Amino acid sequence: MSSNYKAKISAVGHYLPDYVLTNQELEKMVETNDEWILTRTGIRERRILKDPDKASAFMAAEAAKEVLEQRKMDPEAIDAIIVATVTPDYMFPATACITQTIIGAKNAFAFDLSAACSGFLYALETGSNMIESGRYKNVLVIGSDKMSAITDYTDRSTCILFGDGAAGVLLEPSVDENGIIDSIMHSEGDMTQTLIQSGGGSRNPATHETVDKKMHYIYQEGRPVFKRATEGMADVSVEIMKKNNLTGDDVDWLVPHQANLRIIDATARRMNLDPSKVMINIDKYGNTTAATIPLCLYDWKDRLNKGDKLVLAAFGGGYTWGATYLKWAI
Ligand code: UT7
């Protein structure tokens, strides 16, 4: 079954925990300093979900409630919920099912999607194709990650990078030219070991040994990931621009995954984009994995105009990467 419409983002919501973990506080925890963190990453502070009884589903549900409130939509009208996360509440069942129950979306089917920092873009691609199929009208796409749950706060090379948060969008059919126009998604599994949480899955089920070896924390080899991320995010952004005959002047906003300010700057340069057109909030939230891109959309939503041309781009563990071109529809 095909349809005549594309998907559009019709509302954006978010959730950020209150606790602010500053570079100054990290200086007291590990051998680091504000200047190193700021110049190497662009991060000043990040949010941490301190309540041990709350996790990714709670944050996803808070973001979803804000989306529904904005659109004045009954939760029972939601057809599907996709939660992109690498920090699910449990190995199973899906965080999306827990989210569904919290918000009362009892007619939805709900599932998680695992694509690390590209999770939101992969979920947007999945959700928009569900709308385009004509079988679904209202699809919630949320990125939610409680990165503090898998961060080793004695490892200075990773603990300075990550933060907690969630944000998401509602996808609905578009009847005009605005909406999600195109996307290019990539994966490459041969560098898996450079960015991984190796303990707790079926390969290395939890044992005293996996815990002693800290295998339940993020492990990252920063330099090779940095190199591939810089190439991957810039290449795919330029690729989607060429495919859609866009120049740097045509693009109104780059909405980049927020892993490192240097990666974002390199991508914007390759796109020939004026720096004023780049959404950057890494200074406030750090890397919230699947939440970075929708958190940018949330922070900038009052400055966006209907018809604005946005390129969304991400790179993450897997590796996974991609870019989406859309015309803002709100
Ligand atoms: O979001 C998913 C994808 N992830 C990414 O895109 C992250 C990609 N990687 C990066 O962003 C960067 O590689 C990092 C920010 C993680 C690290 O920056 P870097 O410029 O690549 O630093 P490096 O790992 O090459 O380390 C340079 C030096 C090392 O010291 P020596 O060996 O030169 O003496 C590190 O030990 O900086 C040291 N270092 C630190 N110093 C102070 C590493 N972490 C810290 C720290 N504070 N927190």
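Residues numbered from 1 in each chain as written. Predicted model: local features only at pLDDT ≥ 70, side-chain atom pairs only at ≥ 80, totals over all residues. Heavy atoms only, no water.

(A) Just the nonpolar core, in detail. Counting 38 residues, the largest nonpolar core has Leu254 and Leu273 as its most contacted members. Elements with a minimum of two residues in this core: α8 (222–243), α9 (261–270), β12 (309–316) and β13 (320–327). With six residues, the top contributor of residues to this core is α8. Viewed by domain, this core spans two of them, domain 1 (6–176) and domain 2 (181–327), each represented by three or more residues. In this structure, leucine 254 is in contact with Thr267, Ala268, Met271, Leu273, Lys277, Val278, Met279, Val311 and Ala313, ignoring residues within four places of it in sequence. Of all hydrophobic cores here, the second largest spans 36 residues; its members include Ile82, Leu113, Phe120 and Leu171. (Core = buried A, V, L, I, M, F, W, Y, C linked by side-chain atoms within 4.5 Å. Buried < 20%, exposed > 50% of the residue type's maximum accessible area, 1.4 Å probe, protein only. Helix = DSSP H or I, 4+ residues; strand = E, 2+ residues; numbered from the N terminus. Domains from an automatic or database assignment. Contact = heavy atoms within 4.5 Å.)

(B) Region of the structure containing the site of the ligand. Neighbouring the ligand are 25 residues, the closest being Thr32, Arg40, Arg223, Asn260 and Asn287. Between the ligand and the protein, one listed contact pairs a nitrogen atom with a side-chain N or O atom of glutamine 220 at 3.1 Å. Between an oxygen atom of the ligand and a side-chain N or O atom of histidine 257, the distance comes to 3.0 Å. For the ligand, whose free accessible area comes to 950 Å², the fraction covered by protein is 76%. When contributions to the shell around the ligand are tallied by element, the ones reaching two or more residues are α2 (34–41), α6 (156–159), α8, α9 and β12. (Near = heavy atom within 4 Å. Polar contact = N/O pair within 3.5 Å; in protein donor to acceptor, adjacent residues only side chain to side chain. Areas by Shrake-Rupley, 256 points an atom, 1.4 Å probe, with all protein chains shown as cover.)

(C) Geometry of the domain arrangement of the protein. Under the domain assignment used here, the protein contains domain 1 (6–176) and domain 2 (181–327). The gap between the C-alpha centroids of domain 1 and domain 2 is 14 Å. Contact with domain 1, which involves 49 residues of that partner, is made by 46 residues of domain 2. Across the interface of domain 1 and domain 2, roughly 3700 Å² is buried in total on both sides, 64% from carbon and sulfur atoms. It is Cys117, Leu121 and Tyr122 in domain 1 that bury the most area against domain 2; as a group they hold 18% of the surface buried on that side. (Buried area = accessible area lost by both parts, 1.4 Å probe.)

(D) Up close: the sheet that holds β13. An order of β8-β13-β12-β11 is seen for the four strands of this open sheet, with the pairing classed as mixed. The open sheet is flanked by β8 (179–187) and β11 (253–256), the only strands paired with a single partner. Ignoring strand direction, the axes of neighbouring strands in this sheet form an average angle of 15°. Direction of pairing for β12 relative to β13: antiparallel, over a ladder of eight bridges. Within β13, the position partnered with valine 311 by the bridge is tyrosine 325. (Pairing = 2+ DSSP bridges. Axes fitted to C-alpha atoms, helices over the stretch in contact; angles between N-to-C directions.)

(E) Fine view of α9. For α9, the complete set of buried residues consists of Ile263, Ile264, Ala266, Thr267 and Ala268. Along its buried surface, α9 packs onto α8 and β11. N-cap assignment for α9: the residue whose side-chain oxygen lies 2.8 Å from the backbone N of arginine 262 is asparagine 260. Phi for asparagine 272, located one or two positions after α9, is positive at around 60°.

(F) Here's a closer look at the pattern of salt bridges. Summed over all chains, the structure comprises 14 salt bridges. Among the salt bridges present, the one from lysine 227 reaches glutamate 231, with a minimum N-O distance of 3.1 Å. Remark: glutamate 231 and lysine 227 occur in helix α8; sequence separation between them is four residues, near one turn of the helix. Exposure remark for glutamate 231: the relative accessible area of 32% places this residue in the partly exposed category. Across the pair arginine 270 and aspartate 235 runs a salt bridge whose closest N-O atoms are separated by 2.9 Å. In this pair, arginine 270 is assigned in helix α9 and aspartate 235 in helix α8, connecting sequence segments 35 residues apart. The class for arginine 270 is partly exposed, based on a relative accessible area of 43%. Members of the salt-bridge network, linked through shared partners, are Glu188, Lys227, Arg228 and Glu231. (Salt bridge = Lys/Arg side-chain N within 4 Å of Asp/Glu carboxyl O.)

(G) Structural detail: the packing of helix α3 (residues 56–71) against helix α4 (residues 95–103). Between α3 and α4, the least distance of the axes is 9 Å, while the angle of their chain directions is 50°. If you check the angle between α3 and α4, you find them oblique. Handedness of the α3/α4 crossing: right-handed. Mapping the contact onto sequence places Ser56, Ala57, Phe58, Ala60, Ala61, Ala64, Lys65 and Leu68 in α3 and Thr95, Ile98, Thr99, Ile102 and Ile103 in α4. Here the residues of the contact of α3 with α4 are counted per class, giving nine nonpolar, three polar and one charged. (Parallel < 35°, antiparallel > 145°, perpendicular 65-115°, else oblique. Left-handed = near helix turned anticlockwise from the far one by under 90°. Nonpolar A, V, L, I, M, F, W, Y, C, P; charged D, E, K, R; others polar.)

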